[in-house]
Amino acid sequence: MVKTYELRTKDEKALVEELGKLKAELAKARIGKVSAAATQVKASKIRVLRKDIARLLTIINEKRRDASRLAFKKKKYKPIDQRVKGTRASRRKLTTFEKTRKTVKALKKRNCNPLRKFALEAQSSYLSLIHI
């Protein structure tokens, strides 16, 4: 059985090489199981080999993902699998730019009729409105 902490210390080339060996060994074990040759192959051996291959592939993928993260760390755009997933709703909501956009008609209306400002002036008997 291969230990993960040992695999993490190896480089990718060595891992791929070991993966090939394990796959070849698994193929031999399966053939031995079917042919029922002189050397009996236990089902548990096949199971261990499959788990070792899975463990090895997981570490290879982790290393590739980490290398990809480093490559795109300071780039403007990232690959889709490295972007923040969020929720489905958050991915579909409008951006702040889209929220603040106005139609041509709304822009004309705003420019022609600006917001009126008023101030209150205190007088001795009552408050009056003054247009600024």
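Everything below is about the structure shown above.
The paragraphs below set out a description of the structure included in this document. (Residues numbered from 1 in each chain as written. Predicted model: local features only at pLDDT ≥ 70, side-chain atom pairs only at ≥ 80, totals over all residues. Heavy atoms only, no water.)

**Quick word on the overall build of the chain**
Next, step 1: Scanning the chain for helices and strands turns up six helices and two strands.
Next, step 2: In sequence order, the secondary structure elements of the chain are arranged as α-α-α-α-α-α-β-β.
Next, step 3: When each of the 132 residues of the chain is scored for burial, the buried share is 14%.
Next, step 4: In the chain, of all internal contacts separated by at least 6 residues, the share reaching a separation of at least 24 is 48%.
Next, step 5: For the chain, the exposed area adds up to about 11,900 Å²; of that, 57% sits on carbon and sulfur atoms. (Helix = DSSP H or I, 4+ residues; strand = E, 2+ residues; numbered from the N terminus. Buried < 20%, exposed > 50% of the residue type's maximum accessible area, 1.4 Å probe, protein only. Contact = heavy atoms within 4.5 Å. Areas by Shrake-Rupley, 256 points an atom, 1.4 Å probe, with all protein chains shown as cover.)

**Details of the side chain of Asp52**
Next, step 1: As for its position among the elements, Asp52 is in helix α3 (residues 43-71).
Next, step 2: The class of Asp52 is buried, set by a relative accessible area of 5%.

**A word on helix α2 (residues 12-35)**
Next, step 1: The end-to-end C-alpha distance of α2, which contains 24 residues, comes to 35 Å, matching closely the 34 Å that a straight helix rising 1.5 Å per residue would cover.
Next, step 2: Among the residues making up α2, those that are buried are Leu15, Glu18, Leu19, Leu22, Leu26, Ala29 and Gly32.
Next, step 3: In this structure, the buried side of α2 is in contact with α1 (4-9) and α3. (Expected span 1.5 Å × (residues − 1).)

**Some thoughts on the environment of Asn61**
Next, step 1: Within the fold, Asn61 resides in helix α3.
Next, step 2: In the structure, Asn61 is positioned 49 residues away from Glu12 in sequence and 9.6 Å away in space, judged by C-alpha atoms.

**Focus: a positive patch on the surface**
Next, step 1: A surface patch of like charges, here positive, comprises Arg30, Lys33, Arg47, Arg50 and Lys51.
Next, step 2: With three residues, α3 is the single largest residue contributor to the positive patch. (Patch = residues over 30% accessible without salt bridge, like charges linked within 9 Å, V, L, I, M, F, W, Y side chains within 5 Å. Salt bridge = Lys/Arg side-chain N within 4 Å of Asp/Glu carboxyl O. Lys, Arg positive; Asp, Glu negative; His and termini not counted. Charge placed at Lys NZ, Arg CZ, Asp CG, Glu CD.)

**So, the side chain of Glu18**
Next, step 1: When you line up the elements, Glu18 lands in helix α2.
Next, step 2: Here Glu18 is in contact with Val2, Leu7, Lys10 and Leu56, once residues within four sequence places are set aside.

**Examining the packing of α2 against α3**
Next, step 1: Running from N to C, α2 and α3 point in directions that differ by 160°, and their axes come no closer than 10 Å. In terms of orientation, α2 and α3 fall into the roughly antiparallel class. Judged by the sense of rotation from one axis to the other, the crossing of α2 with α3 is left-handed. Along the contact surface, α2 presents Glu12, Leu15, Val16, Glu18, Leu19, Leu22, Lys23, Glu25, Leu26, Ala29, Arg30 and Lys33, while α3 presents Lys45, Ile46, Leu49, Arg50, Asp52, Ile53, Leu56, Leu57, Ile59, Ile60, Lys63 and Arg64.
Next, step 2: Here the residues of the contact of α2 with α3 are counted per class, giving 13 nonpolar, no polar and 11 charged. (Axes fitted to C-alpha atoms, helices over the stretch in contact; angles between N-to-C directions. Parallel < 35°, antiparallel > 145°, perpendicular 65-115°, else oblique. Left-handed = near helix turned anticlockwise from the far one by under 90°. Nonpolar A, V, L, I, M, F, W, Y, C, P; charged D, E, K, R; others polar.)

**Thoughts on the nonpolar core**
Next, step 1: Leu7, Leu15 and Leu56 are the most contacted members of the largest nonpolar core, which has 13 residues in total.
Next, step 2: The set of elements that each furnish at least two residues to this core consists of α2 and α3.
Next, step 3: Among the elements that line this core, the one with the most residues is α3, at six residues.
Next, step 4: With residues near it in sequence (within four places) discarded, Leu56 still touches Leu7, Leu15, Glu18, Leu19 and Leu22. (Core = buried A, V, L, I, M, F, W, Y, C linked by side-chain atoms within 4.5 Å.)

**Describing the environment of Arg50**
Next, step 1: Of note, Arg50 is situated in helix α3.
Next, step 2: When the C-alpha positions of Arg50 and Lys23 are compared, they lie 8.5 Å apart, and in sequence the two are 27 residues distant.
Next, step 3: Not counting residues within four places of it along the chain, the set of residues in contact with Arg50 comprises Leu26 and Arg30.

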